[in-house]
Amino acid sequence: MLVLLGDSTAVGIGDLVPGGWRGFGPLLSSAFPDNGYRNHAVSGARLADVRRTQLPQALRDKPTAAVVIAGVNDTLRSDFSARRMHEDLDHVCRELTAAGASVVTVRFHDQGRVFKLPGKLRRVLKDRIDEYNRVIDVVVARHGVRCVDLHTLPGAYELETWAVDRLHPSELGHRMLARAFAGELRALGHPVGEVSLDCSGGRELTVWHHVAWLMLKGIPWLWKRGADLLPLLWADEAPAEVFPAGADDQPVTVRS
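Residues numbered from 1 in each chain as written. Predicted model: local features only at pLDDT ≥ 70, side-chain atom pairs only at ≥ 80, totals over all residues. Heavy atoms only, no water.

> It is not clear to me how the packing of helix α2 (residues 24-31) against helix α8 (residues 171-187) should be interpreted in this structure. Could you clarify?
Between two packed helices, what matters for the description is the angle formed by their axes and the separation of those axes. Packing of α2 against α8 leaves a shortest axis separation of 8 Å and a crossing angle of 40°. Taken together, the axes of α2 and α8 lie oblique to each other. For the crossing formed where α2 meets α8, the hand is right-handed. On α8, the residues that touch Phe24, Leu27 and Leu28 of α2 are His174, Arg175, Leu177, Ala178, Phe181, Ala182 and Leu185. Tallied by class, residues from the contact of α2 with α8 come to eight nonpolar, one polar and one charged. (Axes fitted to C-alpha atoms, helices over the stretch in contact; angles between N-to-C directions. Helix = DSSP H or I, 4+ residues; strand = E, 2+ residues; numbered from the N terminus. Parallel < 35°, antiparallel > 145°, perpendicular 65-115°, else oblique. Left-handed = near helix turned anticlockwise from the far one by under 90°. Contact = heavy atoms within 4.5 Å. Nonpolar A, V, L, I, M, F, W, Y, C, P; charged D, E, K, R; others polar.)

Encoded structure:
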């Protein structure tokens, strides 16, 4: 049984096909040899949601493999805390691996580089992504979890990799994720087949689609999220947080 936990990317948003969103889940499950596939992801979910709601559901499925992709929604909020994110992600990965599931997660890319955010806001959000990536590194090392680094994934910053909102992968982007996850699961001993990068059935986007979305929906979205995002433009540096690094319990310092 393959299970997915996470946010809107795991839901499949960005890969629109007749009947709704598809995403990397069905593409990966079609190459996965074990019977059964369940997607517990919810659009807008934060790591705490994954821990409290999605994880218990996934454990009831008795999975042999799990993909966890979440945390970006946390980095966009005013109550961002790397310590809490560490606690939540560590709990999720610990429980899944203890249940015998092979776990794959991701390190995140510079989203401001894709979305073309203003300079200061992009730097602040990149700092948060960098802090969360350090959390991911700690949890991955501690639990033997496999990880796909989106920043180094070939084509990660190409326009065709992204849906019109530039926040979610396009069909090609979801296929790239499915192929990368398949490779990590093979490294864990699962006889997973190859995932094709040939697009079929997804919505074809032009430059005009991207420009129109940015003007009609992207900027209004930034305005709506202003209560969380705009204070970051003049916020002072937060105090550092410290949490255990792993088996040797050497401390790792991040900033809230």
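> Where do I start with unusual backbone geometry in this structure?
Leave glycine aside and you will find that most residues have negative phi; peptide bonds, for their part, are mostly trans. Even without being glycine, lysine 62 reaches a positive phi, approximately 50°. Looking at where lysine 62 falls in the secondary structure, it is placed in the loop between α3 (47-60) and β5 (65-69). Residue classification places lysine 62 among the exposed residues on the basis of a relative accessible area of 69%. (Buried < 20%, exposed > 50% of the residue type's maximum accessible area, 1.4 Å probe, protein only.)

> Please explain the pairing of strand β6 (residues 102-107) as it appears in this structure.
Each regular strand carries side chains that alternate between the two faces of the sheet. Of all six residues in β6, five are buried; the element is thus mostly enclosed. With three bridges joining them, β5 and β6 adopt parallel strand pairing. For valine 67, the partnering residue across the bridge sits in β6 and is valine 104. Examined bridge by bridge, β6 and strand β7 (residues 146-149) share four bridges and lie parallel to one another. By the bridge assignment, threonine 105 is partnered in β7 with cysteine 147. (Pairing = 2+ DSSP bridges.)

> Hey, could you run me through the sheet that holds strand β1 (residues 2-6) in this one?
Whether parallel or antiparallel, the strands of a sheet pair through hydrogen bonds between backbone atoms. Pairing is parallel in the open sheet, where five strands are placed in the order β4-β1-β5-β6-β7. Strand pairing shows two members of the sheet lacking a second neighbour, β4 (37-39) and β7, which therefore form its edges. Across the sheet, the mean angle from the axis of one strand to that of its neighbour is 15°, orientation sign disregarded. In the packing of α2 onto the sheet, the strands contacted are β1, β4 and β5, and the crossing angle to β1 comes to about 160°.

> Can you walk me through the packing of aromatic side chains in this structure?
Centre distance and the angle of the planes are the two values used to describe a pair of aromatic rings. By the definition in use, this model includes two aromatic pairs. When the ring of phenylalanine 108 is compared with that of tyrosine 132, the centres are 5.9 Å apart and the planes differ by 25°; the resulting orientation is stacked. Of this pair, phenylalanine 108 sits in the loop between β6 and α6 (111-115) while tyrosine 132 sits in helix α7 (residues 119-143); the two residues are 24 residues apart in sequence, bridging distant segments of the chain. By relative accessible area, phenylalanine 108 is classed as buried at 6%. Residue class for tyrosine 132 comes out buried when judged on its relative accessible area of 2%. (Phe/Tyr/Trp six-rings, centres within 6.5 Å; stacked < 30°, edge-to-face > 60°.)

> Explain helix α5 (residues 82-98) here, please?
An α-helix turns once per 3.6 residues; consequently, residues spaced three or four apart project the same way. Its 17 residues give α5 an end-to-end C-alpha distance of 24 Å, which sits within 8% of 24 Å, the value for a rise of 1.5 Å per residue. Inspection of α5 places Ala82, Met85, His86, Asp88, Leu89, Asp90, His91, Val92, Cys93 and Leu96 among the buried residues, and these make up the whole buried set. Positive phi appears at glycine 100, one or two residues downstream of α5, with a value of about 95°. (Expected span 1.5 Å × (residues − 1).)

> So what exactly am I meant to see when it comes to the packing of α3 against α5 here?
Packing of α3 against α5 brings their axes to within 9 Å, and their N-to-C directions diverge by 10°. With respect to each other, α3 and α5 are oriented roughly parallel. Only Met85, Glu87, Asp88, Leu89, His91, Val92, Glu95 and Leu96 of α5 make contact with α3, whose side of the interface consists of Leu47, Ala48, Val50, Arg51, Leu55 and Leu59. Residue classes in the contact of α3 with α5 are distributed as nine nonpolar, one polar and four charged.

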